[in-house]
Amino acid sequence: MLAYTIRRILLMVPTLLGVAILVFLMLRLMPGDIVETMLREGGGNVPAHVIEQERVRLGLDKPIHIQFISWFGGILQGDFGASMWTGKPVLHEIGSRLELSLQIALMATFLAVLIALPLGTLAAIFKNTIVDHVIRVISIAGLAIPSFWLGMVIILLLLTFYGWIPPLTFTSFFEDPWRNLSQLIWPAMAVGYRYSAVATRMARSSILEVMQEDYIRTARAKGVYERLVVARHGMRNALLPVITVIGLEFAFLIGGLVVTEQVFNLNGIGRLFVQATTRGDYTMIQGLVLLVAVTFIMVNFLIDMLYAALDPRIRYK
Amino acid sequence: MTDTTTDTVPAVTYKVRKARHPILGFVLQQPLGAMGLLVIIIMMLCGLFAEVVAPYDPLQIDYMAILQAPSADHWMGTDDFGRDILSRVIYGARTALAVGFIASLAGCSIGAIIGMVSAYFGGWVDTIIQRLMDVLLSFPIIVLALAIVAILGKNVVGGIDINLIIAIGLPIIPKVARVIRSSALAIRELPYIDAARAAGFSHKRIVMRHILPNVTAPFLIMLTAYVAQAILLEASLSFLGLGVTEPTPAWGLMLSGSAAQYYQEAPWMIIFPGIAISLAVFAFNLFGDALRDWLDPKVRM
């Protein structure tokens, strides 16, 4: 296990480095000069020597590899630079919004697993019957309906039937759990539907594949109840790919949140990203993109570790 | 000797089934996929002949008919400028399908070429390309698209925003490259590739003439599937105000701005464009799924 872990960590290094280089190059490849864009934000003419001074101050006059090393060194020490819009450190801005987005992501994951496992199993057991077809339509619809639109429809339904809309200001779960949940359950549902659809499809195909294995036939042949065959022999072995999908989708949830937070007027990571994009806050975009990519790589790593822990065959490959 | 055997063989006549028309075969085997195809064709016709199909000019502002509920005059109601929503939805099909097809075609083509080159040359070329694709895959689609939009800005050529196409098409490349690479790897080992090499054909010719035709099935499957993703992504970006801009009718755009402001009083403003997006993506997903089952059940997306 240790050897596998080390090998897996070493494999991660080039990807992380590649991500860092790409994110670094993002600003350098941008048409126009970043310093001019920053200084001309307020409008008016900026004298050439001021621009030159700022360039020297930011170290932009140095060769590009030196720039990269100093930038990367800063990142490693947790210095992502300051937001070009608010002037506060990027990490601080992200940190203050993380709780909200993370909570929605966790709730959506919980909902998705709760829906996907039973539906996927049912679809697999009743393959090619009406049950399977209905579940298939439900899950393909989940892939098709945009989460932001679903969010709007949820608000509309709440308004029509209960004359109530979710509170607009965020309350931490630890302050007032009821108020917090009554606000965040709706965006979690809007995002979670798509998520559960992906997981349902994976669960179905994975169980179907496992049910063709020899040991399933053996279990049936020795007279195990069909229910137990599915639950003990089938589900257990079919779970790995489902865990992968759930993990990967979790890392991708930020994508769903970018638009959904906009609908529910929530001030989370997604919203921050959209604001940074419209305002041209490049250091913020850089920080967010880097953070999301690193999260994704880490989740991937954890999934691989989990795989290896659950299935010893993988370690020895 | 041979004569006698042929004589003794009983004269069994096999009823040779007439080869079905391929399209008819698809419809019979994949009814759900055929339904998806039907929706796609209807949407394409709407997009192509929007001028004929739409009852009103989608840009026509009518202050006498602001925020009207669906009626005989305006089947889907009007928005806050008095513009006919049905006409805007119909013209929106043009935007969605154009952006969806172009972005998907561009992304899939580049991805396919990268995948084939990667598989064909192998070795360090393969390693470098795969690492690069891994890096691209570590960004969520919308994050990558937003970053590209933020950095490149807008660049409208002939009514289509090239940078938007890049933003939507780029995330497709690594995924397609990966699938095509694995298909091409198997083909590379086949004897006719060796034969082509022995015959002294150029690398370009071998890739384009001997490998490409054999990866058509996964290519077509992914092309359809990623049109769906591209439509959804375009709608999301437009919804955020970072994709297609006013006054061009686009479904995602119809859900943002004033629609987000008024939809609690005028729900028809968001109901119909949302259904249009969902239906389009739904149709492409159904068709893509069916196409995969029909062409090549082994391909995993």
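Look above for the structure.
Residues numbered from 1 in each chain as written. Chains lettered and ligands numbered in written order. Predicted model: local features only at pLDDT ≥ 70, side-chain atom pairs only at ≥ 80, totals over all residues. Heavy atoms only, no water.

### Observations regarding empty space enclosed by the protein
Inspection of the entire model under this criterion finds 1 cavity of 30 Å³ or more. Estimates place the volume of the largest cavity at around 50 Å³. Every residue along the wall of the largest cavity is listed here: Phe252(A), Leu136(B), Leu137(B), Phe139(B), Ile141(B), Leu144(B), Pro171(B), Pro174(B) and Lys175(B). For the lining of the largest cavity, the secondary structure elements donating two or more residues are helix H6 (123–137), helix H7 (141–152) and helix H9 (172–188) of chain B. When grouped by side-chain class, the residues that make up the lining of the largest cavity number 8 nonpolar, no polar and 1 charged. (1 Å grid on protein atoms, 1.4 Å probe; cavity = no way out; pocket = protein on both sides within 12 Å on 5 of 7 lines; lining within 4 Å. Points joined across faces, edges and corners; volume = space filled by probe spheres on them. Helix = DSSP H or I, 4+ residues; strand = E, 2+ residues; numbered from the N terminus. Nonpolar A, V, L, I, M, F, W, Y, C, P; charged D, E, K, R; others polar.)

### Details of H9(B)
Counting along an α-helix, one turn takes 3.6 residues, and residues three or four places apart therefore face a common direction. Spanning 17 residues, H9(B) covers 24 Å between terminal C-alpha atoms, matching the ideal 24 Å at 1.5 Å per step. Taken together, the buried positions of H9(B) are occupied by Ile172(B), Ile173(B), Pro174(B), Val176(B), Ala177(B), Val179(B), Ile180(B), Arg181(B), Ala184(B) and Ile187(B). (Expected span 1.5 Å × (residues − 1). Buried < 20%, exposed > 50% of the residue type's maximum accessible area, 1.4 Å probe, protein only.)

### Considerations on the interface of chain A and chain B
Between chain A and chain B, the contact holds 47 residues from the first and 39 residues from the second. Summing both sides of the interface, chain A and chain B together bury roughly 3800 Å²; the carbon and sulfur share of this comes to 78%. Along the contact surface separating chain A from chain B lie 1 salt bridge. Asp289(B) is paired through a salt bridge with Arg201(A); the nearest N and O atoms lie 3.3 Å apart. In this assembly, chain A and chain B are joined by 2 residue pairs in polar contact (both at pLDDT 80 or more). If you list the elements that add at least two residues to the side of chain A that touches chain B, you get helix H1 (2–28), helix H6 (130–144), helix H7 (147–162), helix H8 (177–210), helix H10 (226–263), helix H11 (269–279) and helix H12 (282–310) of chain A. Of the residues in the side of chain A that touches chain B, the class split is 38 nonpolar, 6 polar and 3 charged. (Contact = heavy atoms within 4.5 Å. Buried area = accessible area lost by both parts, 1.4 Å probe. Salt bridge = Lys/Arg side-chain N within 4 Å of Asp/Glu carboxyl O. Polar contact = N/O pair within 3.5 Å; in protein donor to acceptor, adjacent residues only side chain to side chain.)

### Re the packing of aromatic side chains
Geometry of an aromatic ring pair is reported as the spacing of the ring centres plus the angle between the planes. Under the counting rule described, the total for this entry stands at 5 aromatic pairs over all chains. Taken together, a centroid distance of 5.6 Å and an interplanar angle of 10 degrees make the contact between Phe68(A) and Phe72(A) stacked. Residue Phe68(A) and its partner Phe72(A) are both found in helix H4 (residues 64–76); the two are separated by 4 residues, about one turn of the helix. Exposure remark for Phe68(A): the relative accessible area of 16% places this residue in the buried category. On the basis of relative accessibility, which here comes to 24%, the residue Phe72(A) falls in the partly exposed class. Through a chain of ring-to-ring contacts, the aromatic side chains of Phe24(A), Phe68(A) and Phe72(A) assemble into a single cluster. Across the ring face of Phe201(B), the terminal group of Arg205(B) is positioned such that the distance to the ring centre comes to 4.3 Å. (Phe/Tyr/Trp six-rings, centres within 6.5 Å; stacked < 30°, edge-to-face > 60°. Lys NZ or Arg CZ within 6 Å of the ring centre and 35° of its normal.)

### Digging into the packing of H7(B) against helix H12 (residues 216–239) of chain B
All names here are of chain B. Axis separation between H7 and H12 bottoms out at 11 Å; the angle between their running directions is 55 degrees. Classified by the interaxial angle, the pair formed by H7 and H12 is oblique. When you trace H7 past H12, the crossing you get is right-handed. Here H7 contributes Ile141, Ile142, Ala145, Leu146 and Val149 to the contact with H12, which in turn contributes Gln229, Leu233, Ser236 and Leu237. Each residue belonging to the contact of H7 with H12 can be placed in one class, and the counts come to 7 nonpolar, 2 polar and no charged. (Axes fitted to C-alpha atoms, helices over the stretch in contact; angles between N-to-C directions. Parallel < 35°, antiparallel > 145°, perpendicular 65-115°, else oblique. Left-handed = near helix turned anticlockwise from the far one by under 90°.)

### Description of the pattern of salt bridges
A side chain with one charge can pair with a side chain of the opposite charge if their charged atoms come near. Enumeration over the complete set of coordinates arrives at 15 salt bridges over all chains. The residue Asp132(A) makes a salt bridge to Arg204(A) at a minimum N-O spacing of 2.9 Å. Remark: Arg204(A) occurs in helix H8 and Asp132(A) occurs in helix H6; sequence separation between them is 72 residues. Of the residues examined, Arg204(A) reaches a relative accessible area of 16% and is grouped as buried. Here Asp289(B) ties to Arg292(B) by a salt bridge, and the two come within 3.7 Å at their closest N and O atoms. One end of the pair, Asp289(B), and the other, Arg292(B), are both in helix H15 (residues 268–295), 3 residues apart, so they sit about a helical turn from each other. Residue classification places Asp289(B) among the buried positions, given a relative accessible area of 12%. Residue class for Arg292(B) comes out buried when judged on its relative accessible area of 18%. Among the charged side chains, a network of salt bridges with common partners joins Arg201(A), Asp289(B) and Arg292(B).

### Topic: the side chain of Thr5(A)
Residue and element names in this part refer to chain A. By the secondary structure assignment, Thr5 is in helix H1. Taking the relative accessible area as the measure of exposure, Thr5 reaches 19% and is therefore buried. When near neighbours in sequence (up to four residues on either side) are disregarded, Thr5 contacts Phe301 and Met305.

### Observations regarding H11(A)
Residues and elements named next belong to chain A. Of all 11 residues in H11, 8 are buried; the element is thus mostly enclosed. Within the sequence span of H11, burial applies to Ile269, Gly270, Arg271, Leu272, Phe273, Val274, Ala276 and Thr277. Two residues or fewer past H11, Gly280 is found with a positive phi of approximately 70 degrees.

Function cannot be inferred from these measures alone, as they are strictly geometric.
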